[in-house]
Every structure is written in structure tokens, then in C-alpha cells.
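# Secondary and tertiary structure notes
One letter stands for each residue in the lines below.
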Amino acid sequence: MAALGVAALAATPLLYLVIRAFERGPDVVWSVLMRPRTFELFGAASASPSQ
């Protein structure tokens, strides 16, 4: 159950980008999701902290 919460928190930045992009139209959604910075953001949000 905790893993589900962590996954939801990790997906929050990506969900925010999608919601904001949908306000401007489907073409913008695709262009925002395919940006290299989006992948970097999602990777950073889902990376496990170093121990």
C-alpha cells in the first residue's frame, strides 16, 4: 500500500504537466510530454533516494 502512495507522488509532476497542457489543446499535450525535460523531471521524481 505504501508503494502505491509513493508511485502516486512520483507521478504528480507528470500529471500536473498533462493537466496544464490540456488547457491549451491536445497538440500541446503531446509536445510537452515528448520534451527531454519532461523525462528528466519524471526520472528525478521517481528516483529512489540514495542511502
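Located above this text is the structure these notes cover.
Residues numbered from 1 in each chain as written. Predicted model: local features only at pLDDT ≥ 70, side-chain atom pairs only at ≥ 80, totals over all residues. Heavy atoms only, no water.

Following the criterion strictly, the structure yields two salt bridges and no others. The partner of glutamate 23 in a salt bridge is arginine 20, and the shortest N-O contact between them spans 3.4 Å. Ionic pairing is found between glutamate 40 and arginine 37, a salt bridge with its closest N-O pair at 3.5 Å. Here glutamate 40 pairs with arginine 37, and both are found in helix 3 (residues 36–46), just three residues apart, close to one helical turn. (Salt bridge = Lys/Arg side-chain N within 4 Å of Asp/Glu carboxyl O. Helix = DSSP H or I, 4+ residues; strand = E, 2+ residues; numbered from the N terminus.)

Time to look at helix 1 (residues 2–22). Working note: α-helix, 3.6 residues per turn, so residues spaced by three or four point in the same direction. Across its 21 residues, helix 1 extends 30 Å between first and last C-alpha, which sits within 8% of the 30 Å expected from 1.5 Å per residue. Taking the largest bend as the criterion, helix 1 deviates by roughly 40°, centred on threonine 12, and proline proline 13 comes between one and four positions later. Restricting attention to buried positions, one finds in helix 1 the residues Ala10, Val18 and Ala21. (Expected span 1.5 Å × (residues − 1). Bend = angle between axes of the 7 residues up to and from the residue. Buried < 20%, exposed > 50% of the residue type's maximum accessible area, 1.4 Å probe, protein only.)

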